[in-house]
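Understanding the architecture of this molecule
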Amino acid sequence: MAANGTTSPAKAIEEAKIDILSQAQEDDNVKWRRQVSRSFISDTITAPTPEMYVYAVRASLGDDVYDEPCTKLLEAHMAKLTGKEAALFVPTGTMSNQLALRTHLKQPPYSVLCDHRAHIARYEAGGTAFHSGAQLDYVIPSNGHHVTLDDIKEHVVLGSDIHSCPTAIIELENTLNGTILPQQDIIEISEFAHANDIKMHLDGARIWHVAAETGTPLSELCAPFDSVSLCFSKGLGAPIGSCLVGTKEFITRARWFRKLFGGGMRQTGFMSASAAYALTHHFPLLPRVHTLTRKLEKGLEDMGVRITSRAETCMVFFDPSPIGVSYAELVDRASKLPEPIKLGGSRLVVHIQTAEDTVEDFLALMRQLAQEKKDAGFVYSEEQHKAKGVGKDSIYVKVKPSDVKK
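The rules behind these values
- Residues numbered from 1 in each chain as written.
- Predicted model: local features only at pLDDT ≥ 70, side-chain atom pairs only at ≥ 80, totals over all residues.
- Heavy atoms only, no water.
- Helix = DSSP H or I, 4+ residues; strand = E, 2+ residues; numbered from the N terminus.
- Buried < 20%, exposed > 50% of the residue type's maximum accessible area, 1.4 Å probe, protein only.
- Contact = heavy atoms within 4.5 Å.
- Areas by Shrake-Rupley, 256 points an atom, 1.4 Å probe, with all protein chains shown as cover.
- Lys, Arg positive; Asp, Glu negative; His and termini not counted.
- Charge placed at Lys NZ, Arg CZ, Asp CG, Glu CD.
- Pairing = 2+ DSSP bridges.
- Axes fitted to C-alpha atoms, helices over the stretch in contact; angles between N-to-C directions.
- Salt bridge = Lys/Arg side-chain N within 4 Å of Asp/Glu carboxyl O.
- Expected span 1.5 Å × (residues − 1).
- Arc of directions from axis to C-beta.
- Polar contact = N/O pair within 3.5 Å; in protein donor to acceptor, adjacent residues only side chain to side chain.
- UniProt positions renumbered as here; feature names shortened; annotations may be inferred.
- Disulfide = S-S within 2.5 Å.
- Core = buried A, V, L, I, M, F, W, Y, C linked by side-chain atoms within 4.5 Å.

What follows deals with the overall build of the protein. Along the backbone of the protein there are 17 helices and 10 strands. Reported as C-alpha extents along the three principal axes, the dimensions of the protein are approximately 80 × 65 × 45 Å. Per-residue burial over the protein gives 50% buried out of 406 residues. Pairs at least 24 apart in sequence give 74% of the contacts found in the protein among residues at least 6 apart. Roughly 20,100 Å² of accessible area belongs to the protein as shown, and the carbon and sulfur atoms make up 56% of that amount. Counting 44 positive and 50 negative side-chain charges, the protein places the centres of these two groups 4 Å from one another.

This is the structure:
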């Protein structure tokens, strides 16, 4: 019993102890990295390398709400790299996008115009409505690939009709589903937007792929936009983090909203150091990713698989029905290989840790399945394919666990 009559804190302290590092953790991590190299699910699954961790633990120990030296250096570098005045480090790409929209939007009514496939439209839990009270208006690209100025003009809301919700922001995504938006189209949209007092935001989570594929400097890619979100964990392999860039005034207000959103972090030095390591050592790996992606696409196409969206960077969208194979069947068979390959459906994402033998083994499995179907008498019919409406609504088909035979 303590002197003040309370129970000794020793028991409470003892109960709080936990060791999450098992003796076999190092071996488990080796196995996990191999599993990552055998997965086409996403580029977000990449694992930090031992070298990245060695670099990260040397980072400064400041509190980012007050002053964090390494994070400040990263933010300054990102601002310079993108040709903007200032930058803000945040934990996720979703937060970065939502902070940008909330910071730009001042007084409703207002709306955000974006591609119907955009991340802010499909994968941010309705955040634009929740955080900003903004309406999202969608554009379906008339060319089937990317939004053009003609598409924007057809859907933008201008003027002062009290029945309407004026467009305040045009949001683009580059890359989107692995495809690159032509810079000239972006410039034309930007000039139109700014002539009409509309802000431009870029979800540039995978903008690194555009720079690596086209050789265009990041500052040039970002120039048409008032704000840009860039991700360190998608593509570059950092464990966490995105950066929002823009004017000093914009970033000052975004920092305030970051605190309001619950995103004010403390000792972020090791996160920033991981991002810095990824920029220096992993960004140069993207050309190899693109080469491997094209190899994967060609292998599929050569055996008769339908490519539903051309590989421009790190993604292949495919339809295996021309060789008689369903997505669920493919997911199941890939999971039962001696070294399993993880699939999610119609999207194959190649990343910096994808192994060459993963691509080779996947193509070998596809050839085996195609031969099995042929031996069983399968004959492809274009009419039946169209009747089933394969790929009618979206090239992105996800396989649910219930779809796979047990």
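For the rest of this paragraph, the subject is the sheet that holds strand β6 (residues 227–231). Spatial strand order, β1-β7-β6-β5-β4-β2-β3: 7 strands in an open sheet with mixed pairing. The open sheet has two free edges, formed respectively by β1 (86–90) and β3 (135–139), since each of these has just one partner strand. Taking each pair of neighbouring strands and ignoring which way they run, the sheet shows an average axis angle of 20°. As defined by bridge partners, strand β4 (residues 167–173) adjoins strand β5 (residues 199–204) across 5 bridges and the pair is classed as parallel. Within β5, the residue paired with Leu 172 across the bridge is Leu 202. Strands β1, β6 and β7 (242–246) of the sheet are contacted by helix α4 (residues 69–82), whose axis makes an angle of about 125° with β1.

What follows deals with the pattern of salt bridges. Counted under the stated rule, the structure contains 21 salt bridges. Arg 258 is paired through a salt bridge with Asp 64; the nearest N and O atoms lie 3.1 Å apart. With Arg 258 in helix α12 (residues 248–260) and Asp 64 in the loop between α3 (50–56) and α4, this residue pair connects regions lying 194 residues apart in the sequence. Look at the salt bridges and you will find they share partners, linking Arg 34, Arg 38, Glu 339, Asp 357 and Asp 361 into a network.

This next bit is on α4. With 14 residues, α4 should reach 20 Å at 1.5 Å per residue; the first-to-last C-alpha distance of 20 Å fits that figure. Of the positions making up α4, those classed as buried are Thr 71, Leu 74, Glu 75, Met 78, Ala 79 and Thr 82. Across the axial projection of α4, the buried residues extend over an arc of 135°, all falling on one side. Turned more than 90 degrees away from the buried face of α4, the exposed residues are Leu 73 and Lys 80. Sitting at the head of α4, Glu 68 places a side-chain oxygen 3.0 Å from the backbone nitrogen of Cys 70. Gly 83 occupies a position one or two residues after α4 and carries a positive phi of about 75°.

The next thing to look at is the sheet that holds strand β8 (residues 306–309). Strands sit in the order β8-β9-β10 across an open sheet of 3 strands; the sheet is antiparallel. Of all strands in the sheet, those bounded by a partner on one side alone are β8 and β10 (347–349). The average angle at which neighbouring strand axes cross in this sheet is 40°, direction not considered. Of the pairings in the sheet, the one linking strand β9 (residues 315–319) to β10 comprises 3 bridges and is antiparallel in character.

We now examine the pairing of β1. The buried count for β1 comes to 5 of 5 residues, which makes it a mostly enclosed element. Burial along β1 is two-sided: Ala 86, Leu 88 and Val 90 facing one way and Ala 87 and Phe 89 facing the other are all buried. By the bridge criterion, 5 bridges tie β1 to β7 in an arrangement that is antiparallel. Bridged to Ala 86 within β7 is Gly 246.

In this section: the pairing of strand β2 (residues 111–115). For a regular strand, the rule is simple: side chains alternate between the two faces of the sheet. Among the 5 residues of β2, 5 are classified as buried, and the element is accordingly described as predominantly covered. Both β2 and β3 contribute to a ladder of 5 bridges, which runs parallel. Looking at the pairing, Cys 114 lines up with Tyr 138 of β3.

Per the UniProt record, the feature "domain: Aromatic amino acid beta-eliminating lyase/threonine aldolase" (unreviewed entry) sits at residues 40–318. Between the C-alpha atoms that bound residues 40–318 there is a distance of 13 Å. The span itself is 43% helix and 16% strand.

What we call a disulfide is simply a covalent bond connecting the sulfur atoms of a pair of cysteines. Per the stated rule, a full pass over the model turns up 0 disulfides. The thiol of Cys 165 is not disulfide-bonded; the next cysteine sulfur, from Cys 114, is found 13 Å away. On the basis of relative accessibility, which here comes to 16%, the residue Cys 165 falls in the buried class.

Core analysis: the largest hydrophobic core is formed by 81 residues, its most contacted members being Met 78, Trp 208, Phe 232, Leu 296, Leu 300, Phe 318 and Phe 362. No other element matches helix α16 (residues 356–375), which puts 7 residues into this core. Once you skip the residues sitting within four places of it in the chain, Trp 208 turns out to touch Met 78, Leu 81, Leu 218, Leu 230, Cys 231, Phe 232, Lys 234, Leu 236, Leu 279, Phe 283 and Leu 286. Counting residues in each nonpolar core, the second largest holds 11 residues, with Val 90, Leu 99, Phe 250 and Ile 251 among its members.

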